[in-house]
Amino acid sequence: MKKQGSDGNPAAVMPALPEPLKDLKIKYTKIFINNEWHDSVSGKKFAVFNPANEEKICEVEEGDKADVDKAVKAARKAFELGSTWRTMDASERGRLLNKLADLVERDRLILATMETIDGGKLFSTAYLMDLGACIKTLRYCAGWADKIHGRTVPMDGNFFTFTRHEPIGVCGQIIPWNFPLLMFVWKIAPALCCGNTVVVKPAEQTPLSALYMGSLIKEAGFPPGVVNIVPGFGPTAGAAISHHMDIDKVAFTGSTEVGKAIKEAAGKSNLKRVTLELGGKSPNIIFADADLDAAVEFAHIGLFYHQGQCCMAGSRIFVEEPIYDEFVRRSIERAKRYTLGDPLKPGVQQGPQIDKKQFKKILELIESGKKEGAKLECGGGPWGDKGYFIQPTVFSNVTDDMRIAKEEIFGPVQQIMKFKTVDEVIKRANNTTYGLAAAIFTKDIDKALTFAAALQAGTVWVNCYSAFSPQCPFGGFKMSGNGREM
Amino acid sequence: MAALNGAVENGQPDKKVPPLPRPLRSLEGKYTKIFINNEWHESTSGKKFPTYNPSTLEKICDIEEGDKPDVDNAVEAAKAAFQRGSPWRQMDAPSRGRLLHKLADLLERDRATLATLETMDTGKPFLQAYFIDLEGCIKTLRYYAGWADKIQGRTIPVDENFVCFTRHEPMGVCGAITPWNFPLLMLVWKMAPALCCGNTLVIKPAEQTPLTSLYIGSLIKEVGFPPGVVNIVPGYGPTAGAAISTHDSIDKIAFTGSTKVGKLIKEAASKSNLKRVTLELGGKNPCIVCADADLDLAVECAHQGVFFNQGQCCTAASRVFVEEQIYPEFVKRSVEFAKKRLVGDPFDARTEQGPQIDQKQFDKILELIESGKKEGAKLECGGLAIEDRGLFIKPTVFSEVTDNMRIAKEEIFGPVQPIMKFKSIEEVIRRANSTEYGLTAAVFTKNLDRALTLASALQSGTVWINCYNALYAQAPFGGFKMSGNGRELGEYALAEYTEVKTVTIKLSQKSP
């Protein structure tokens, strides 16, 4: 997406795409506590599936409250005053994060293959985008480790006052299935950089890359107990974390519905600090003076990326009346040029949805679109006889009251609506309980800056979509989240 | 330095690391030419100058002597590398950071070579070069590598219908003139923040000690910095150095050296193009030992504080104020320490003190020692050169020193420790501050109140409490008063290498 690779620019050139590993062996399937691998206390395991063919990949130890308790104990011990982690130089913490980035770089192919098989993500995307961003994020946070500054403060009276920016303590982190490794890194990197210890629960659909990271964390030399990983389910392991009396902070990325439950649990238990990255129904506003080709392309990728399974998907596209028909025409053309199939294979542009639950929900919302009177321009149903594939779908003539205009679909379904004036579209764009991202396409500087101010969204993109970098904060207004990552 | 969390062994290498590294005995492929555009050039004039080993007084080799035309060439290269659209300007900030990390990796790889060169060129003990100078270099590079993509401007709520934000842009071509006491370390202190912020450089290392700076040119090229980003022109102050300070196309100059030359540089900067100036100059640093101090700690820190690096530190603890009650004991223990200090071949692992850098410094130090004797200070030990041949001076301690003596006022830059007496805190504050210098100060006491009072009252860029020479890449360093302008290290150095641009955009309506 971003231009890279000027002369003498060693690190930023996109690497050549290798072939995915054939016959990937899954080595790490247990619970990771104190740099060791544990069976679940209950003895239970759960199955992990490949959404492209619905086949079982392997079984993973199923963590529950008892395992979370063990992990928290380990994390608490590693955080004790006087522990190796607490007395380590801040710059050394940075060295460890850089070392971890080196190891992720070394094992990039393994992790990308794993992420594809476990998450249904296109291999090229996993290798180039997800893994690239993981490495950059680790290095970015590594650089902050010894730059967490407090202040000296001129107080009234005979006092000498200064602030310390101390680590919070034991942080529980609940990771989603749409960007399993990247979301794992977005959580552990800043947490470790600031000196915290963590207990991570990866999504039950996609635990494998997180567990592999456990092995790299040990290899990099993080002291035991600093990072602990407990795979399991939300209502059991996840709830154990959000309710835990000895966890100081919980960070969650996932649905708004579950985010609310987590914040409630935090309030009911010990007032643990809460960061939430939740859903979105992000508006993408296209003006008549926009570069139409760019707008169509960004709007397309902005929705269809990773089968539409992105919290910041541009799922309400508002197009200024004069260019509406042309925009719709080009968007349909773009959506039709798709090959669906096994995401490991080259030449495939769209993989499967993550599981049956999501698959059914998306199809249900597509039906509602048809029923409520939107115009189905292409797609509109499932694809293939195995795996959770859905055809890329475009609806035009969508109105704001339709379910597809209000609810987060999390699938490859693009809604295109019409607007006339600036004030009208600002109102309509903001008319949602969500507020994660927004975009505007225009060449007019006045419009761009007005919208940047007026839109109630944590990120506003101008003439682009999904432009991410670890240097930029990301998070939601309103019910799209609390707090910022990166 | 930092593995020991604040207890930096002022001059003592960390002997816990097994086994001790060995210097390289035969160094081939030395770099002796002028480094411009990642290539090695002869001097325009054809002239060369020798560089000597101060321990043996033998010539090491000849170096191309840069002068104004060479500086001009270097500046052209640096300017071109800084042009809009150049590879360096287009490079992502995190990639700049990666290059700095890679440079640190190469310093780690060639650590023994660099430490050997540094010792040959400066006379500093090899283990100190290896464990202190090189450690500082590596850590400083890595620290600034981390800042590269975190140079943030601000958005600012101004009145009326405007969007306002600042950009922290690189300044441009930066001149750096570095000293002979920590040649490579002082270079890295400038190079790391300058490159981190996206500037290009023209460096003039001290004529006494060009070797490690030129070697780093080869590493800059190996790492992959684009040509012209770093240029190195060895030569003399009045020629190459002056060419830099007066150059109309250099946007900023950073200098570490004597206050006398620092003033000239600031003057030249003003007369030419108002280039921005950072100066790290001399010091006559007070070291205040209160009666309630941990006496062993204070004696050792004060000792290392003044004798480290043959006394050739801007941070040298060259005025030791000891509270009356413990004065005789302090002097007695200090003399014991000084007498035990091993002076000799810097390549010998047992050596703590090598030779002074050159004849000029040697003569100046001995002259100041004589003045001490003449003006009535009590010579406790040392006080003369060690051999007939060579630049070695015996560790020297003076007691009964009074504030009006030359050894109490002038920077000696040699292994000479003047110890004076004080009665009260108010008195010692006044006396400690009675100098136009203000680089560092140290306080030894267990009393919290006294420590913080002194920390506030002392006019020094750094105040050390119960330690000495605790220098870390994360903490800013620089002088009050005539010890300097601006700060190196820490986040603060970034301000010295960026230029702030405010962008204000009119909107048709007021926005929230």
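Residues numbered from 1 in each chain as written. Chains lettered and ligands numbered in written order. Predicted model: local features only at pLDDT ≥ 70, side-chain atom pairs only at ≥ 80, totals over all residues. Heavy atoms only, no water.

Caption draft 1: Representation of the UniProt feature "active site" (unreviewed entry) in chain A within the structure. All names here are of chain A. Mapped onto the present numbering, the UniProt feature "active site" (unreviewed entry) falls on Glu277. Within the element layout of this structure, Glu277 appears in strand 11 (residues 273–277). A residue is classified by how much of its surface remains accessible, and Glu277, at 2% relative accessible area, is buried. (UniProt positions renumbered as here; feature names shortened; annotations may be inferred. Helix = DSSP H or I, 4+ residues; strand = E, 2+ residues; numbered from the N terminus. Buried < 20%, exposed > 50% of the residue type's maximum accessible area, 1.4 Å probe, protein only.)

Caption draft 2: Fine view of the pattern of salt bridges. One pass over the full model with this rule turns up 67 salt bridges over all chains. One salt bridge in this structure joins Asp39(A) and Lys30(A), with 2.9 Å as the shortest N-O distance. Judged by its relative accessible area of 32%, Lys30(A) falls in the partly exposed class. Between Lys378(B) and Glu380(B) there is a salt bridge, with its nearest N and O atoms 3.5 Å apart. (Salt bridge = Lys/Arg side-chain N within 4 Å of Asp/Glu carboxyl O.)

Caption draft 3: Geometry of the pairing of strand 8 (residues 197–201) of chain A. Residue and element names in this part refer to chain A. Strand 8 sits mainly inside the fold: five of its five residues count as buried. Alternating residues of strand 8 divide into Thr197, Val199 and Lys201 and Val198 and Val200, and every residue in both groups is buried. By the bridge criterion, five bridges tie strand 7 (residues 170–174) to strand 8 in an arrangement that is parallel. Residue pairing in the sheet places Ile174 in a bridge with Lys201 of strand 8. (Pairing = 2+ DSSP bridges.)

Caption draft 4: How the structure looks around helix 11 (residues 324–336) of chain A. Residues and elements named next belong to chain A. Look at helix 11: 18 Å from first C-alpha to last across 13 residues, which is about the 18 Å you get at 1.5 Å a residue. Here helix 11 has its buried residues at Tyr324, Phe327, Val328, Ser331, Ile332, Arg334 and Ala335. Down the axis, helix 11 shows its buried residues gathered within 165° of arc, on one side only. Of the exposed residues in helix 11, those oriented more than 90 degrees away from the buried face are Asp325 and Lys336. (Expected span 1.5 Å × (residues − 1). Arc of directions from axis to C-beta.)

Caption draft 5: Examining the environment of Gln90(B) more closely. When you line up the elements, Gln90(B) lands in helix 2 (residues 87–90). Residues Gln90(B) and Pro227(B) lie 137 residues apart in sequence; the distance between their C-alpha atoms is 14 Å.

Caption draft 6: Expanded view of the packing of aromatic side chains. Residue and element names in this part refer to chain A. Tallied over the full model, the rule gives 34 aromatic pairs over all chains. With 5.9 Å between their ring centres and 50° between their planes, Trp85 and Phe222 make a pair best called tilted. One end of the pair, Trp85, is in helix 2 (residues 84–87); the other, Phe222, is in the loop between helix 7 (208–220) and strand 9 (227–229), with 137 residues separating them in the sequence. With relative accessibility at 2%, the residue Phe222 sits in the buried group. In this structure an aromatic cluster arises from ring pairing among Trp186, Trp461, Tyr465, Phe468 and Phe474. (Phe/Tyr/Trp six-rings, centres within 6.5 Å; stacked < 30°, edge-to-face > 60°.)

Caption draft 7: Broad picture of the packing of helix 3 (residues 93–109) of chain B against helix 7 (residues 211–223) of chain B. Residues and elements named next belong to chain B. In contact at an axis separation of 9 Å, helix 3 and helix 7 are set at 130° when each is read in the N-to-C sense. Relative to helix 7, the element helix 3 is oriented oblique. Crossing geometry of helix 3 relative to helix 7 is assigned as right-handed. Packed against helix 3, whose contacting residues are Leu99, Lys102, Leu103, Leu106, Leu107 and Arg109, the element helix 7 presents Ile216, Leu219, Ile220, Glu222 and Val223 at the interface. Taken together, the residues of the contact of helix 3 with helix 7 sort by class into eight nonpolar, no polar and three charged. (Axes fitted to C-alpha atoms, helices over the stretch in contact; angles between N-to-C directions. Parallel < 35°, antiparallel > 145°, perpendicular 65-115°, else oblique. Left-handed = near helix turned anticlockwise from the far one by under 90°. Contact = heavy atoms within 4.5 Å. Nonpolar A, V, L, I, M, F, W, Y, C, P; charged D, E, K, R; others polar.)

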